[in-house]
Amino acid sequence: MPWDRNQMAARAAQELKDGMYVNLGIGIPTLVANYVGDKDITLQSENGMLGMGPFPFEGEEDPDVINAGKQTITELNRTAYFDSATSFGMIRGGKIAAAILGAMEVSENGDLANWMIPGKLIKGMGGAMDLVAGVGRVIVVMDHTNKAGESKVLRECTLPLTGKGVVDRIITNLGVLDVVPGGLRIVECAEGVTEDELRAATEATIVS
Amino acid sequence: MKKVYATAAEALDGLLQDGMFIAAGGFGLCGIPELLIAAIRDAGTKDLTVASNNCGVDDFGLGILLQTRQIRKMISSYVGENAEFMRQYLSGELELEFNPQGTLAERMRAGGCGIPGFYTKTGVGTVIAEGKEHKEFGGQTYILEHGIVADLSIVKAWKADDTGNLVFRKTARNFNPPAAMCGRVCVAEVEEIVPRGSLDPDLIHLPGIYVHRIVQGQHEKRIEQRTVRKREDA
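Nothing here was measured: the structure is a model prediction, and the numbers come from that model. (Residues numbered from 1 in each chain as written. Chains lettered and ligands numbered in written order. Predicted model: local features only at pLDDT ≥ 70, side-chain atom pairs only at ≥ 80, totals over all residues. Heavy atoms only, no water.)

In a beta sheet, neighbouring strands are held together by backbone hydrogen bonds and run either parallel or antiparallel to one another. Residues and elements named next belong to chain B. Pairing is antiparallel in the open sheet, where three strands are placed in the order E6-E8-E7. In the strand order of this sheet, the two ends are held by strand E6 (117-120) and strand E7 (134-137), each with one partner. For this sheet, the mean angle separating the axes of adjacent strands, direction not counted, is 40°. Looking at chain direction, E6 and strand E8 (residues 140-146) are connected through four bridges and run antiparallel. (Pairing = 2+ DSSP bridges. Helix = DSSP H or I, 4+ residues; strand = E, 2+ residues; numbered from the N terminus. Axes fitted to C-alpha atoms, helices over the stretch in contact; angles between N-to-C directions.)

Structure below.
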């Protein structure tokens, strides 16, 4: 059985170490916060907050406290607020240890595409280009294939890039792959998924 | 010099011109200068170029200036959640320049700080880098981005004193300080104007030197995505 969304998030949470400052993208990456356990992790929200707390209780929403997905959230006793230029200063300056992001496509040399589909979806890159260019480690969490069953782990991305050669590790419903010289290296397969199944679902070059 | 004005319309009096370049603070609908945007709509100023991270939603924030066709060009990082924006862009009525969010914030900050350009790794190898100067520093490639200087900045703060010292609240700070800094003239709308001396000088977020006019008013502060947890989840 491939991993479900929560199992992928739980696997991604294993990448985080005590003391890390981390930025989580929208979608499955947001769920990673549920699996950090006792680790001392500080979540950054690029609209200007370090120390992001959970959603508020009903009736306690504050329009002045939102995350980068524009959702209402809460602060913690460690929270700090700052402006957008300062926020991206810490991102561009390499102070954020890791970003966990979703993706439409990833290539074997670590190219990432997650911001637009020409002619179909034009929303903008938001902070994704800054994050992948600046943070210490970029971890992509996504389904291994699209709805048509085609691999999203490719030799080359077909969509406009968010960053070139920026991805370090890919976590999908089928397993975990690292970007290494010459292609991707299988780190582990999801429980019940064989290495052959993982290879068959991957268009990118896999090096042993 | 008097900085406090009674209404948003009065605070903008004499500053608006067709074809002008405006920088606006806010992120999504959080910390947006909603009163000044409404006053610009009422003034009918058109052919605007607006630098703002987002363009509001269809019926709130900068989205209302799209409905009235007052905006000619947007400089933004994210324009989802706005159907009218997409329609005008795809039909060619609206020009759009995508900037990565951090690049946009830094362009505003730099413009306000007298820095005409800066090099960044953000966007290297993507469409954002096309046509821009590339330069190597320490074996890494960077692209040149230009500082923004706007004709007018419109921002929203929590509190001000009558000299224009501003204090923002929580994540409503976002783009407001860099947007304020990059304007030749900056108008700030605030929830409360407090007596001079009542703000702690050590806790001013944006010194009044950047702020030329201030107006106090009632804010709707609309929430874009209301997300909550149930008490029993705690």
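As a further point, take helix H5 (residues 101-112) of chain B. Residues and elements named next belong to chain B. Over its 12 residues, H5 runs 17 Å from end to end, which matches the ideal 16 Å to within 8%, given 1.5 Å per residue. Within H5, 10 of the 12 residues are buried, which leaves the element mostly enclosed by the surrounding structure. A positive phi of about 75° marks glycine 114, the residue just after H5. (Expected span 1.5 Å × (residues − 1). Buried < 20%, exposed > 50% of the residue type's maximum accessible area, 1.4 Å probe, protein only.)

Time to look at unusual backbone geometry. All names here are of chain B. Here arginine 69, not a glycine, exhibits a phi torsion of approximately 60°, which is positive. Along the chain, the position of arginine 69 falls in the loop between helix H3 (63-67) and strand E4 (71-76). By relative accessible area, arginine 69 is classed as partly exposed at 47%. With a phi close to 50°, lysine 170 is a non-glycine residue in the positive phi region. For lysine 170, the location among the structural elements is in the loop between strand E10 (166-167) and helix H6 (176-181).

Per-residue confidence for chain B gives a mean pLDDT of 96; residues scoring 70 or more make up 99%. In the predicted complex, the global pTM is 0.97; the interface-specific ipTM is 0.96. (pLDDT = per-residue confidence, 0-100.)

Moving on: the interface of chain B and chain A. Between chain B and chain A, the contact holds 50 residues from the first and 44 residues from the second. Across the interface of chain B and chain A, roughly 4200 Å² is buried in total on both sides, 60% from carbon and sulfur atoms. Across the chain B-chain A interface, the total number found is six salt bridges. Here A:Asp64 and B:Lys221 are joined by a salt bridge, their closest N and O atoms 2.7 Å apart. Across the chain B-chain A interface, the total number found is 25 residue pairs in polar contact (both at pLDDT 80 or more). At the level of secondary structure, the elements contributing two or more residues to the side of chain B that touches chain A comprise helix H4 (83-90), H5 and H6 of chain B. (Contact = heavy atoms within 4.5 Å. Buried area = accessible area lost by both parts, 1.4 Å probe. Salt bridge = Lys/Arg side-chain N within 4 Å of Asp/Glu carboxyl O. Polar contact = N/O pair within 3.5 Å; in protein donor to acceptor, adjacent residues only side chain to side chain.)

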